[in-house]
Amino acid sequence: MTDQDVLDQTRHWLEKAVIGLNLCPFAKAVYVKNQVRLVVSHARHADDLLDELDRELDLLVATPAEEIDTTLLIHPTLFDDFLDFNDFLEIAEGVVDEHGLEGVVQLASFHPKFQFDGTEPDDIGNYTNRAPFAILHLLREESIDRAVEAFPEAEAIFEENIKTLEKLGHEGWKALGLKP
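So, a few notes on the structure that sits alongside this text. (Residues numbered from 1 in each chain as written. Predicted model: local features only at pLDDT ≥ 70, side-chain atom pairs only at ≥ 80, totals over all residues. Heavy atoms only, no water.)

Quick look at the sheet that holds strand 4 (residues 134–140) now. The 4 strands are arranged 1-2-4-3 in an open sheet whose pairing can be described as mixed. The sheet is open, and its two edges are formed by strand 1 (36–40) and strand 3 (105–110), each paired on a single side. Averaged over all neighbouring strand pairs, the angle between strand axes comes to 20 degrees, with direction disregarded. Alignment of strand 3 against strand 4, held across 6 bridges, turns out to be antiparallel. Note that in strand 4 the partner of Gln106 across the bridge is Leu139. Sitting on the sheet, helix 1 (residues 3–19) is in contact with strand 1, strand 2 (70–75), strand 3 and strand 4, with an inclination near 140 degrees to strand 1. Across the sheet, helix 3 (residues 46–62) touches strand 1, strand 2, strand 3 and strand 4, and the angle it forms with strand 2 is around 165 degrees. (Pairing = 2+ DSSP bridges. Helix = DSSP H or I, 4+ residues; strand = E, 2+ residues; numbered from the N terminus. Axes fitted to C-alpha atoms, helices over the stretch in contact; angles between N-to-C directions. Contact = heavy atoms within 4.5 Å.)

Rendered as structure tokens:
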């Protein structure tokens with residue numbers, strides 16, 4: 001699979017699921033303004049991916065939000081197992097802290113086999129965080145704050161997403177050209 005394939009599949013997921021289903025009401029504005037940086041990682045080990053995370057954090061905070069508001073660090077092969085990826089997230093959060101960016105940058109995560117605690121693997125609610133590949137999403141806290149001000153009932157987004165996906169169902173997800 002080429003980098004272009006990875007980027008195409010990621011953009012398809014962003015456009016059809018994240019933006020198309022309005023799973024994140026804040027995503028469309030930055031996406032259409034080309035303020036979302038998509039980076040395909042070729043890291044061979046978790047340590048290499050942490051090095052890439054270091055570089056992407058530095059770049060994000062050094063670049064005006066008008067140019068790069070958020071970054072998706074995509075790894076198409078390193079974390080096939082969701083639990084391994086979930087364990088890695090704790091270390092990745094530590095990297096954010098080491099950079100002194102707690103309260104400045106927030107990490108969100110997506111994975112093809114994402115599963116919330118207490119759910120079954122095929123629970124449609126898990127699809128709110130399912131993506132074609134393992135993704136570390138680096139978000140500026142100030143951008144989140146601005147978005148929440150514009151969308152005062154932000155805490156309701158998760159519940160609305162579950163309702164949307166329950167209506168859509170697995171067949172609807174597949175009909176969007178997304179992997180189950």
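Enumeration according to the criterion identifies 4 salt bridges in this entry. Between Lys163 and Glu160 there is a salt bridge; the shortest N-O distance is 3.6 Å. Of the two residues, Lys163 and Glu160 both sit in helix 6 (residues 157–175), 3 residues apart, roughly one turn of that helix. For Lys163, a relative accessible area of 47% puts it in the partly exposed group. (Salt bridge = Lys/Arg side-chain N within 4 Å of Asp/Glu carboxyl O. Buried < 20%, exposed > 50% of the residue type's maximum accessible area, 1.4 Å probe, protein only.)

Before going further, it helps to spend a moment on the environment of Lys179. Mapped onto the elements, Lys179 comes out in the segment after helix 6. The exposure class assigned to Lys179 is exposed, which follows from its relative accessible area of 53%. Placed 67 residues apart in sequence, Lys179 and Pro112 show a C-alpha to C-alpha distance of 8.2 Å. In this structure, Lys179 is in contact with Gln9, Tyr127 and Trp173, ignoring residues within four places of it in sequence.

To continue, consider the side chain of Thr70. In this structure, Thr70 sits in strand 2. You can call Thr70 buried: its relative accessible area is 7%. Dropping the residues within four chain positions of it, Thr70 is found in contact with Val30, Gln35, Val36, Arg37, Leu60, His137, Leu138 and Leu139.

Take the layout of surface pockets next. Estimates place the volume of the largest pocket at around 960 Å³. Those elements that provide at least two residues to the lining of the largest pocket are helix 1, helix 2 (27–32), strand 2, strand 3, strand 4, helix 5 (141–150) and helix 6. Residue contributions to the lining of the largest pocket peak at 5 residues, all from helix 5. Partitioning the lining of the largest pocket into residue classes produces 25 nonpolar, 8 polar and 5 charged. Of the pockets and cavities examined, the second largest pocket occupies roughly 180 Å³. The element best represented in the lining of the second largest pocket is helix 1, accounting for 3 residues. Its residues assigned to classes, the lining of the second largest pocket comprises 7 nonpolar, 3 polar and 2 charged. (1 Å grid on protein atoms, 1.4 Å probe; cavity = no way out; pocket = protein on both sides within 12 Å on 5 of 7 lines; lining within 4 Å. Points joined across faces, edges and corners; volume = space filled by probe spheres on them. Nonpolar A, V, L, I, M, F, W, Y, C, P; charged D, E, K, R; others polar.)

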